Amino acid sequence: MAIEHPYLMFLGDAPDQLAAKTAKGVADWRPEWCKGQFRLDGCQASLGLDDMTMEEAADAGCRTVVVGVANRGGVISEAWTDVLVRALNLGMDIASGLHGKLADVPRLKEAAERNGRKLFDVRHPTRGFAVADGKKRPGKRLLTVGTDCSVGKMYASLAVEAEMRRRGMSADFRATGQTGILIAGDGVSVDAVIADFISGAVEWLTPANDPGHWDVVEGQGSLFHASFAGVSTGLLHGAQPDALVLCHEPTRKHMRGLPDYGLPPLDLCRRRNEEVAQLTNPAARTIGVAVNTSALDAEAARRCLAEIEDSLGLPAVDPVRDGVARIVDALA
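These numbers were taken from a predicted model, which means no experiment stands behind them.

Reading the values: rules and limits
- Residues numbered from 1 in each chain as written.
- Predicted model: local features only at pLDDT ≥ 70, side-chain atom pairs only at ≥ 80, totals over all residues.
- Heavy atoms only, no water.
- Pairing = 2+ DSSP bridges.
- Helix = DSSP H or I, 4+ residues; strand = E, 2+ residues; numbered from the N terminus.
- Axes fitted to C-alpha atoms, helices over the stretch in contact; angles between N-to-C directions.
- Contact = heavy atoms within 4.5 Å.
- Salt bridge = Lys/Arg side-chain N within 4 Å of Asp/Glu carboxyl O.
- Buried < 20%, exposed > 50% of the residue type's maximum accessible area, 1.4 Å probe, protein only.

Draft legend 1. Summary view of the sheet that holds strand β4 (residues 93-96). The sheet built from 5 strands is open, its strands ordered β2-β1-β3-β4-β5 with parallel pairing. One side of each edge strand has no neighbouring strand; the edge strands of this open sheet are β2 (34-39) and β5 (119-121). On average, each strand axis in the sheet is tilted by 20 degrees relative to the strand beside it, whichever way the strands run. Bridge count for strand β3 (residues 64-67) against β4 is 4 bridges, and the pairing is parallel. Bridge pairing in β4 links T64 to D93.

Draft legend 2. Spotlight on the sheet that holds strand β9 (residues 243-248). Read across the open sheet, the 6 strands follow the order β7-β8-β6-β9-β10-β11; overall the sheet is parallel. Of all strands in the sheet, those bounded by a partner on one side alone are β7 (171-174) and β11 (316-317). As defined by bridge partners, β9 adjoins strand β10 (residues 285-291) across 6 bridges and the pair is classed as parallel. Bridge pairing in β10 links C247 to A290. Contacts between helix α5 (residues 153-166) and the sheet are confined to β6 (140-146), β7, β8 (214-217), β9 and β10, with β7 contributing the most and set at about 165 degrees to the helix. Across the sheet, helix α10 (residues 298-312) is in contact with β9, β10 and β11; its angle to β10 comes to roughly 165 degrees.

Draft legend 3. Quick look at the pattern of salt bridges. Taken as a whole and judged by the stated rule, the model has 25 salt bridges. In this structure, E161 and R30 form a salt bridge, with 3.7 Å as the shortest nitrogen-oxygen distance. In this pair, E161 sits in helix α5 while R30 sits in the loop between α1 (21-29) and β2, placing the two residues 131 residues apart along the sequence. The class of E161 is buried, set by a relative accessible area of 6%. For R30, a relative accessible area of 13% gives the class buried. When the shortest N-O distance is used, the salt bridge between D93 and R117 registers 3.1 Å. Here the residue D93 occupies a position in strand β4, and R117 occupies one in the loop between α4 (106-115) and β5, the gap between them amounting to 24 residues. Residue classification places D93 among the buried positions, given a relative accessible area of 1%. Relative accessible area serves as the criterion here: at 21%, R117 is assigned to the partly exposed category. Connected through salt bridges with shared partners, the residues R30, E161, R165, D172, R174 and D215 form a single ionic network.

Okay, structure coming up:
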């Protein structure tokens, strides 16, 4: 799917800032695409953008209204339908990363068809994929992997792409989750792909390219997470990564959502990910560690990074506090 920008960020009736985390991710990483925000009465979130009506957004050239808010159950709220229909009538498309499909709301489907507009349900792929063949293809690829879920793989991937581009390198962020797709404008939400085709979907997402080009692939899950290791494996095989960046949150007491599973030792996690990746790229290697130290003060974060670096012999950085220049340096 290819989503047109500029965007109007739809925050609806978000009860708090956390409910709008998808919208915030897009606004943080693609501010030049975000013209404004739309909020219903009672909305308790803001991106700091100009508040716009649907008419003002259309006049300003917005091409897509992005539903950047999540509610309980991930459904398209009845309270949102009238304004989203108005957006379609004004000539804008709608994109959403919710579990519930825009296309399953009769009024939205009818309005989109009547106006020749598109509904992007980014969590749900719109095409089929071939089974992976594992054949080596030109171009270079970097994949973020994690000790757990929700440790900063998307942020690290975007930071690496931005640093590569700052240096004049040829690089593209390849999105594999709904927020990443809204940031990139296209991609595949691999957790919604049938298991047999995950690696094939990633091969399609990261095709043959120029020898010096880098695809920076957003990682998902963790090989050590009993719920989501399958998606991680599919990414490792399909991406054929030349480089891996290990992502970690050092204050976790157990795997997210699994209190009976502790986090793996970093060196074991590095070795396991390299072993799985080397099935389709024997040269795959870990080049650095991206650590989310947001729960630590500055001094504790510094000590944590130094300990990881000494232990693994790899550059360890917090992409937010430090940037990722030292990780990109390791590609040389």
